[in-house]
Amino acid sequence: MKANVESRRLPDGALVLAFSGRWHTGQPTPSSSDVQAMLTGSDVQRLQFDGRRLDGWDSSLVVLVSAVVDHCASLGVDVDLDGLPDGARRLLSLSRAVPRKADADVAQDQPSLLARLGERGLLAGQTVRDTLDFTGELALSVMRLIRGQARFRSVDVLETIQECGWQALPIVSLISALVGLILAFMGVVQLRQFGAQIYVADLVGIGMAREMGAVMTGVIMAGRTGAAFAANLGTMQVNEEIDALQTLGVSPVDYLVLPRMTALVLMMPLLCVYSVFVGILGGMVVGVGAFDISAIQYLTQTRGSLTVTHIGIGVFKSVIFGLIVAMCGCMQGMRCGRSAAAVGNATTSAVVIAIVYIVVADGLFAVLTNVLGI
Amino acid sequence: MRPADLKQPHITVSNLTMGYGDFILMRDLDFTVFRGDVFAIMGGSGCGKSTLMRILMGLKAPHTGQVQYGDIDFWMLGEAERERMMRHFGILYQSGALWSSMTLAENVGLPLDLHTDLDRDEIVQIVRFKLSLVGLGGFEDFYPSEISGGMRKRAGLARAIALDPEVLFFDEPSAGLDPVSAKKIDDLIIEINQSLGATVIIVTHELPSIFTIANNAVFLDTTTRTIGGNGDPKQMLETSDNPDVIRFLTRGEATGNSNAKDVTP
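These figures come from a predicted structure and were not determined experimentally.

Q: It is not clear to me how helix 12 (residues 340–372) of chain A should be interpreted in this structure. Could you clarify?
A: Given 3.6 residues per helical turn, the α-helix brings residues three or four places apart onto the same face. All names here are of chain A. Counted at 1.5 Å a residue, the expected span for helix 12 with its 33 residues is 48 Å, and the 48 Å between its end C-alpha atoms agrees. By the burial criterion, the buried members of helix 12 are Ala342, Val343, Ala346, Thr347, Ala350, Ala354, Ile358, Ala361, Asp362, Phe365 and Thr369. Along its buried surface, helix 12 packs onto helix 7 (200–238) and helix 11 (308–334). Of the residues one or two after helix 12, Gly373 is the one with positive phi, at around 70°.

This is how it looks when you write it as structure tokens:
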């Protein structure tokens, strides 16, 4: 039977709400505004309920009664709950056992634009201070390393070398070969207009050695290893493993950051040189395969154009990029909060910040090498 | 237990105020932990129990006030000296905090490796002994991810007692464990307290643990933001006139002194 509610007046002036039928959530039931409408206008002093004709009920009935009781309270009408089913009465009193938190309803004041701007400014200042703090700690730690006082497990260095060394080769090979290929295609199409397609070897060689080798390995390592550092150290922070080191009197920077940074800074130049080599091969595939340059010609041209300076600049940059990736990854991990969500955030920021810094640093290098004329 | 007058103060906390930034968690904390005590820090969730413990073990500085170990003002020491003192602490973290990239033997052996001049063989022997003390003999080469939560806690305990500490800190040792494992940890704590003679500081809100193992305690009251009660928890239950303490110690079943005796465990 359909859920229904009817009102009737008793001789003493009380209003009785008689519920009938099946009251189930999801099925049509009378709305509380319908019921409230029965109350307003009439000079009711007391409200009673009658649940004898109910076939079944769930929370939908209690929610409606609760709304009616609230409404009655605001009208100053007495409510007598005795006619309700026992379970419904108990649910209702349970829901009212703890009074609602009074100030929770008030919408949080949106701070003014100026306040938000100020907060952002303070936050930015804090970030700069944190970064300086971490750089300082790291510098002290490197000093201890030089003096031979830093304590870490050499097996950690070796493991990280393996992780960010040869295990990174497949992805570095793929990306570098493709970048070499793309450079060659772009270059050769333009150069052919002047019949100078042989210079594509110079373009690819110098482009890879000075720029793309270092930048691409930097970006790959930021996404691969920097993220892993942040996630790894962040998880250790959440598990209190870093606290455990600290209380043991071990500097977490020595023990955790130093091995990772050393390994990455050692591996980056190697990866960079490897990437340059693969990139040149990629360019050669295009030159030889599609544009009638012989392999010997291509390689001789490349050898003629590449100087130690070009390669040196690339290698130097890769060391700096390695430092940037390791620092961003480790700093975000070490400064991570103590929840699982914080680890995710730390990992994301590690990658984003590292890539931004790599590009910015690369821009600075471009200006610097231009000024120095190398 | 030794008579009270023979007890020497081990840790004295006076006028301690703690918090984060401008937010004050607790103020005017004064209490004494005696040598050999099993001292419980009790209180509802978020009252600052763990923060107080982090201050006692040197991971977080108090806003104001003193923490004295014997006659030494812990937080007035230089960082290097404080770190030296911290080597005499053993800590069991809530999660166990075992280093996940190391085996159990390496976890327990690291403190020995760092702070003693023992050679490999001696360290291996000590590690085996400590692991067998907590019932994990034979698990030396397991990684933390390969054992159960209760075993991780016990391995953490083995690491905490690696250097025979003077003070042992336990952060919610039985949280998240089944009753049998929890009881096992409690038994181990008593056993180690009595055999090593270490002072034990334990943060917990497990009532069975509090009543069976603690002989001294402090209750941090969130409403007044200071100490709500201090002393033997069993006596506190009978004599305290602070309704918050009674409510806590009876799981909220009793609200005043008159009912307290009915629910003594």
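Q: Got a minute to help me understand the packing of helix 4 (residues 113–147) of chain A against helix 11 of chain A in this structure?
A: Two packed helices can be described by the angle between their axes and the distance between those axes. All names here are of chain A. Running from N to C, helix 4 and helix 11 cross one another at 110°; their axes reach a closest spacing of 11 Å. Here helix 11 runs roughly perpendicular to helix 4, going by the angle between their axes. Here Asp130, Thr131, Phe134, Thr135 and Leu138 of helix 4 come into contact with helix 11, specifically with Met327, Cys330, Met331 and Met334. For the contact of helix 4 with helix 11, the residue count by class is six nonpolar, two polar and one charged.

Q: Looking at this structure, I do not really get the sheet that holds strand 10 (residues 226–231) of chain B. What am I missing?
A: By way of backbone hydrogen bonds, the strands of a sheet pair with one another, either parallel or antiparallel. Residues and elements named next belong to chain B. Overall, mixed pairing links the six strands, which are arranged 6-7-8-3-9-10 in an open sheet. The sheet is open, and its two borders are formed by strand 6 (89–92) and strand 10, each paired with just one other strand. Averaged over all neighbouring strand pairs, the angle between strand axes comes to 15°, with direction disregarded. Both strand 9 (residues 216–221) and strand 10 contribute to a ladder of five bridges, which runs antiparallel. Opposite Ala217, over in strand 10, you have Gly231 as the bridge partner.

Q: So what exactly am I meant to see when it comes to the interface of chain A and chain B here?
A: Interface extent is often summarised as the accessible area lost during association of the parts. Listed by partner, the interface residues are 16 residues for chain A and 23 residues for chain B. Both sides of the chain A and chain B interface together cover about 1600 Å² of buried area, and 56% of this is carbon and sulfur. Sorting the residues of chain A by area buried against chain B places Glu240(A), Thr247(A) and Leu248(A) first, and these three jointly supply 35% of that buried surface. The interface formed by chain A and chain B contains two salt bridges. A salt bridge links Arg153(A) to Glu106(B); the nearest nitrogen and oxygen atoms lie 3.5 Å apart. Taken together, the connections running from chain A to chain B amount to ten residue pairs in polar contact (both at pLDDT 80 or more). With six residues, the single largest contributor to the side of chain A that touches chain B is helix 8 (residues 241–247) of chain A. In terms of residue class, the side of chain A that touches chain B is built from six nonpolar, four polar and six charged.

Q: Which parts of the structure should I look at to understand helix 4 (residues 120–133) of chain B?
A: Residue and element names in this part refer to chain B. Over its 14 residues, helix 4 extends 20 Å from the first C-alpha to the last, a length consistent with the 20 Å expected when each residue adds 1.5 Å. Listed as buried for helix 4 are Ile123, Val127, Lys130 and Leu131. With its buried residues spanning 95° around the axis, helix 4 presents them on a single face. Turned more than 90 degrees away from the buried face of helix 4 sit Asp121, Gln125 and Arg128, all of them exposed. Looking at the buried positions of helix 4, the neighbouring elements they touch are helix 3 (104–115) and helix 5 (149–160). Downstream of helix 4 by one or two residues, Gly135 has phi in the positive range, about 80°.

Q: For this particular structure, what's the right way to read the packing of helix 9 (residues 252–290) of chain A against helix 10 (residues 295–305) of chain A?
A: Residue and element names in this part refer to chain A. As a packed pair, helix 9 and helix 10 sit with axes 10 Å apart at the nearest point and diverge in direction by 135°. Between helix 9 and helix 10, the angle is such that the two are oblique. The handedness of the crossing between helix 9 and helix 10 is right-handed. Seen from helix 9, the contacting residues are Ile280, Gly283, Met284 and Val288; seen from helix 10, they are Ala295, Tyr298, Leu299 and Thr302. By residue class, the composition of the contact of helix 9 with helix 10 is six nonpolar, two polar and no charged.

Q: Looking at this structure, how should I read a nonpolar patch on the surface?
A: All names here are of chain A. Residues Val352, Val356, Tyr357, Val360 and Leu364 make up a contiguous nonpolar surface patch of about 470 Å² in total accessible area. Mapped onto the secondary structure, Val360 falls in helix 12. Of the residues examined, Val360 reaches a relative accessible area of 47% and is grouped as partly exposed.

Q: Looking at this structure, how should I read the domain arrangement of chain A?
A: We note that the domain assignment places domain 1 (4–100) and domain 2 (152–372) within chain A. Relative to domain 2 of chain A, the C-alpha centre of domain 1 of chain A lies at a distance of 70 Å.

Q: What exactly am I supposed to notice about the environment of Val278(A) here?
A: All names here are of chain A. Tracing the backbone shows Val278 in helix 9. Measuring from C-alpha to C-alpha, the distance between Val278 and Ser176 comes to 6.0 Å, with 102 residues separating the pair along the chain. Residues in contact with Val278, not counting those within four places in the same chain, are Ser173, Ser176 and Ala177.

Q: Explanation requested: the pairing of strand 9 of chain B in the structure shown.
A: Along any regular strand the residues' side chains alternate between the sheet's two faces. All names here are of chain B. In terms of residue burial, strand 9 counts as a mostly covered element, since six of its six residues are buried. The alternating pattern of strand 9 places Asn216, Val218 and Leu220 and Ala217, Phe219 and Asp221 on opposite faces, both of which are buried. Sheet analysis places strand 3 (residues 38–43) next to strand 9, joined by five bridges and oriented parallel. Following the sheet pairing, Phe39 is matched in strand 9 by Asn216. Between strand 9 and the antiparallel strand that follows it, strand 10, lie four residues; Arg225 among them carries a positive phi value of about 60°.

Q: When you look at unusual backbone geometry in this model, what are you seeing that I'm missing?
A: Outside of glycine, negative phi angles account for most residues, and trans bonds account for most peptide bonds. Positive phi, close to 65°, is recorded for Glu240(A), a residue that is not glycine. In this structure, Glu240(A) sits in the loop between helix 7 and helix 8. Positive phi is not limited to glycine here, since Ala97(B) has a value of about 50°. Among the structural elements, Ala97(B) can be located in the loop between strand 6 and helix 3.

Q: I'm lost on the packing of aromatic side chains in this one. Help?
A: Each pair of aromatic rings is reported with the distance of its centres and the angle of its planes. Applying the stated criterion across every chain yields a total of twelve aromatic pairs over all chains. Between Phe185(A) and Phe291(A), the aromatic rings sit 6.3 Å apart at their centres with planes inclined by 80°, giving edge-to-face as the arrangement. Highlighted residues: Phe185(A) in helix 6 (residues 169–192) and Phe291(A) in the loop between helix 9 and helix 10, separated in sequence by 106 residues. Measuring from ring centre to ring centre gives 5.8 Å for Phe74(B) and Phe89(B), while their planes differ by 55°; the resulting arrangement is tilted. Here Phe74(B), found in the loop between strand 5 (72–73) and helix 2 (79–86), pairs with Phe89(B), found in strand 6; they are 15 residues apart in sequence, far enough to count as distant. Since its relative accessible area comes to 0%, Phe74(B) is described here as buried. Each residue in the set Tyr69(B), Phe74(B), Trp75(B), Phe89(B) and Phe169(B) is aromatic and connected to the rest through ring pairs, giving one cluster. For Lys60(B), the ring lying beneath its charged end belongs to Tyr20(B), and the centroid distance is 4.4 Å. Across from the ring centre of Trp99(B), 4.2 Å away, lies the NZ or CZ of Arg159(B), which sits over that ring.

Conventions we followed
Residues numbered from 1 in each chain as written. Chains lettered and ligands numbered in written order. Predicted model: local features only at pLDDT ≥ 70, side-chain atom pairs only at ≥ 80, totals over all residues. Heavy atoms only, no water. Helix = DSSP H or I, 4+ residues; strand = E, 2+ residues; numbered from the N terminus. Expected span 1.5 Å × (residues − 1). Buried < 20%, exposed > 50% of the residue type's maximum accessible area, 1.4 Å probe, protein only. Contact = heavy atoms within 4.5 Å. Axes fitted to C-alpha atoms, helices over the stretch in contact; angles between N-to-C directions. Parallel < 35°, antiparallel > 145°, perpendicular 65-115°, else oblique. Nonpolar A, V, L, I, M, F, W, Y, C, P; charged D, E, K, R; others polar. Pairing = 2+ DSSP bridges. Buried area = accessible area lost by both parts, 1.4 Å probe. Salt bridge = Lys/Arg side-chain N within 4 Å of Asp/Glu carboxyl O. Polar contact = N/O pair within 3.5 Å; in protein donor to acceptor, adjacent residues only side chain to side chain. Arc of directions from axis to C-beta. Left-handed = near helix turned anticlockwise from the far one by under 90°. Patch = residues over 30% accessible without salt bridge, like charges linked within 9 Å, V, L, I, M, F, W, Y side chains within 5 Å. Areas by Shrake-Rupley, 256 points an atom, 1.4 Å probe, with all protein chains shown as cover. Domains from an automatic or database assignment. Phe/Tyr/Trp six-rings, centres within 6.5 Å; stacked < 30°, edge-to-face > 60°. Lys NZ or Arg CZ within 6 Å of the ring centre and 35° of its normal.

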